[in-house]
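Coordinate analysis (summary)
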Amino acid sequence: MPSLLDELRARELLAQCSDEAGLAVHLESGSRTVYCGFDPTADSLHIGNLVPLMTLRRFQRFGHRPILLLGGATGMIGDPSGRSAERNLNDLDVVGQWVARIRAQAEGFLDFDPASNNAAVVVDNLDWTRDLKVIPFLRDIGKHFSVNQMIQRESVRSRLEREGEGISYTEFSYMLLQAMDYLELAQRYDCTIQIGGSDQWGNIVSGMDLVRRKLGREAFALTLPLITKADGSKFGKTAEGAVWLDPAKTSPYRFFQFWLNSADADVVRYLRVFTFLDLGEIDELEREVREAPERREAQRRLAREVTAMTHGPAGLESAERITRALFDGSIETLSEGDLEQLRQDGVDSTVVPHQNVGLLAVLADSGLAKSRSDARKLVQSKGVRVNGQVEADVDRQLDWQDALYGRFYLLRRGKKNWHLLVRERA
């Protein structure tokens, strides 16, 4: 059986390691505790956060205990890593609300069964920093850090070298707070490994060094690569913005579509990184990509795996149902919730008053037709469908009594142009 590090390497998940040979021995010689921190910089995690979340789960599957650290304290400071400018500072109440929402999301990816001997743990670093006093902090933590070394860290140096930017003392101190987190978890939970994105290397190594100096214990640092697309563009961004884990911000349908639309050059790597599929099965899907790319089997499998993991079986079923309906026009299969997803971010939509509206006016106003005369020609040529049915009546009034669930009309021009008409709620 391959080791955990072999697994991470095969899945292209090993960027940097403080002592790979030593860590291999450490992991093979017993159950270890590993942690990763997530700062609440928004009210939801996004798909980039899946990389460390799933890596914690991989550690757990190999018998180790994962700790999910939420930055209730560090989230109010702001990590300079990967940033070209200072973050906006949020107040305690806002950060607290975000911590609660992110905790609920992240807990779905790990095993918290108390009967397990490596059940996951969730902690908030605000618990040990809320009453922290500045003098003890400077004496006990700050004295172990060399400013000369700190300014050589990439996250700090890149900001100092950028003309007109610089870095505030607030963000400069972030490294010390993150290092203190590692020390605290080492003392409380015998945590010996910290993981994070490769842009976190300097912060993680600083924490590792602090644990070794203060406790005289073994400690390790491991980072994961930042995922990019094959063309070098940023992963996880679409024309509509970031792809979030919160279904209220990115619907399961659009989430599913993001993965389904993965490029052939990216999909195999995504399967390795974002699924728990056996590597042999992924090799078979890679062969499919080479020999029959038009079938898009790898993309479908990727979309199904990641959507089910993030949104559960019901979310996957809904996403697939909407996808089929928009592909083959089987509108009657859509639930009211499916139509709400389409309204959220699936197709263009318009909210209209309670009174009935004329079809030609709707086609022109929605952009499905260039004008009312163009709309008339489209209807006469049977190029328009209303709730899945071809409409040939140019005088058709859209009566809300005939609407889907009394609220929706899904209009289609040709094969790919859709518009959702939604009745305004009373």
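Reading guide: rules and limits
By convention here, each chain's residues receive numbers from 1 onward along its written sequence. Restriction of local features to residues with pLDDT of at least 70 applies here, the model being predicted, together with a cutoff of 80 or more for giving and counting side-chain atom pairs; totals for whole chains, interfaces and linings are based on all residues. No hydrogens and no water enter the side-chain calculation; it runs on all heavy atoms of the structure. Helix numbering and strand numbering both begin at the N terminus, where a helix is a DSSP run of H or I of at least 4 residues and a strand a DSSP run of E of at least 2. Only protein chains enter the accessibility calculation, which uses a 1.4 Å probe; a residue whose area is less than 20% of its type maximum is buried, one above 50% is exposed, and one in between is partly exposed. Note on definitions: a residue-residue contact is assigned when non-hydrogen atoms from the two residues lie within 4.5 Å. To measure how exposed things are, a 1.4 Å probe is used in the Shrake-Rupley method; for residues, cover is taken only from the protein chains shown. Charged residues are defined narrowly, with Lys and Arg counted positive, Asp and Glu counted negative, and His plus the chain ends left uncounted. By convention, charge coordinates are those of NZ in Lys, CZ in Arg, CG in Asp, or CD in Glu. Orientation is described by axes fitted as lines to C-alpha atoms, over the contacting stretch for helices, and by angles from 0 to 180 degrees between their N-to-C directions. Should an angle lie under 35 degrees it is considered roughly parallel, over 145 roughly antiparallel, and from 65 to 115 roughly perpendicular; all remaining angles are considered oblique. The crossing is said to be left-handed when, going from far helix to near helix, the turn is anticlockwise and less than a right angle, and right-handed when the turn is clockwise. Gly is put with the polar residues, along with every residue not named as nonpolar or charged; the nonpolar set is Ala, Val, Leu, Ile, Met, Phe, Trp, Tyr, Cys and Pro, and the charged set is Asp, Glu, Lys and Arg. Stacked, tilted and edge-to-face pairs are distinguished by plane angle, under 30 degrees for stacked and over 60 for edge-to-face with tilted covering the rest, among Phe, Tyr and Trp rings (Trp via its six-membered ring) whose centres lie within 6.5 Å. In this analysis, strands are considered paired if DSSP registers two or more bridges between them. Crossover handedness is defined here as right-handed if the route from the first strand over the helix to the second strand goes clockwise, with the strands pointing away from the viewer.

Attention now moves to the overall build of the protein chain. Secondary structure assignment for the protein chain yields 18 helices and 15 strands. A principal-axis box enclosing the C-alpha atoms of the protein chain has dimensions of 80 × 50 × 45 Å. For the protein chain, the residues scored as buried account for 50% of the 426 residues in total. Contacts in the protein chain between residues at least 24 apart in sequence constitute 72% of all its contacts with a sequence separation of at least 6. Working note: accessible area of the protein chain is about 20100 Å², and carbon and sulfur atoms make up 46% of it. Put simply, the protein chain has 55 plus and 62 minus side-chain charges, and the middle of one group is 2 Å from the middle of the other.

Attention shifts here to the packing of helix α10 (residues 174-189) against helix α11 (residues 201-215). At a closest axis distance of 8 Å, the pairing of α10 and α11 adopts a crossing angle of 50°. Here α10 is positioned oblique relative to α11, judged by the angle of their axes. Relative to α11, α10 is oriented so that their crossing is right-handed. Packed against α10, whose contacting residues are Tyr174, Met175, Gln178, Ala179, Met180, Tyr182, Leu183, Ala186 and Gln187, the element α11 presents Asn203, Ile204, Ser206, Gly207, Met208, Leu210, Val211, Lys214 and Leu215 at the interface. For the contact of α10 with α11, the per-class residue count stands at twelve nonpolar, five polar and one charged.

Let's shift gears to the packing of aromatic side chains. Evaluation of the coordinates by the stated rule reveals eleven aromatic pairs. Measuring from ring centre to ring centre gives 5.1 Å for phenylalanine 258 and tryptophan 259, while their planes differ by 85°; the resulting arrangement is edge-to-face. Each member of the pair, phenylalanine 258 as well as tryptophan 259, is classed as buried. When the ring of tryptophan 259 is compared with that of tyrosine 270, the centres are 6.1 Å apart and the planes differ by 90°; the resulting orientation is edge-to-face.

On to the sheet that holds strand β3 (residues 65-70). The sheet built from six strands is open, its strands ordered β1-β6-β5-β2-β3-β4 with mixed pairing. With partners counted over all chains shown, the strands left at the sheet margins are β1 (16-17) and β4 (121-124), one partner each. On top of the sheet, helix α4 (residues 92-106) reaches β3 and β4; it is set at about 155° to β3, its chief contact. Sheet strands in contact with α10 are β2 (33-38), β3, β4, β5 (191-197) and β6 (220-224), and its direction is about 145° off that of β5.

Moving on: the pairing of β3. Burial analysis of β3 places five of its six residues in the buried class, which makes it a mostly covered element. Sheet topology note: the β2/β3 ladder contains six bridges and is parallel. Residue pairing in the sheet places valine 34 in a bridge with proline 66 of β3. In terms of handedness, the path from β2 via helix α3 (residues 50-61) over to β3 forms a crossover that is right-handed.

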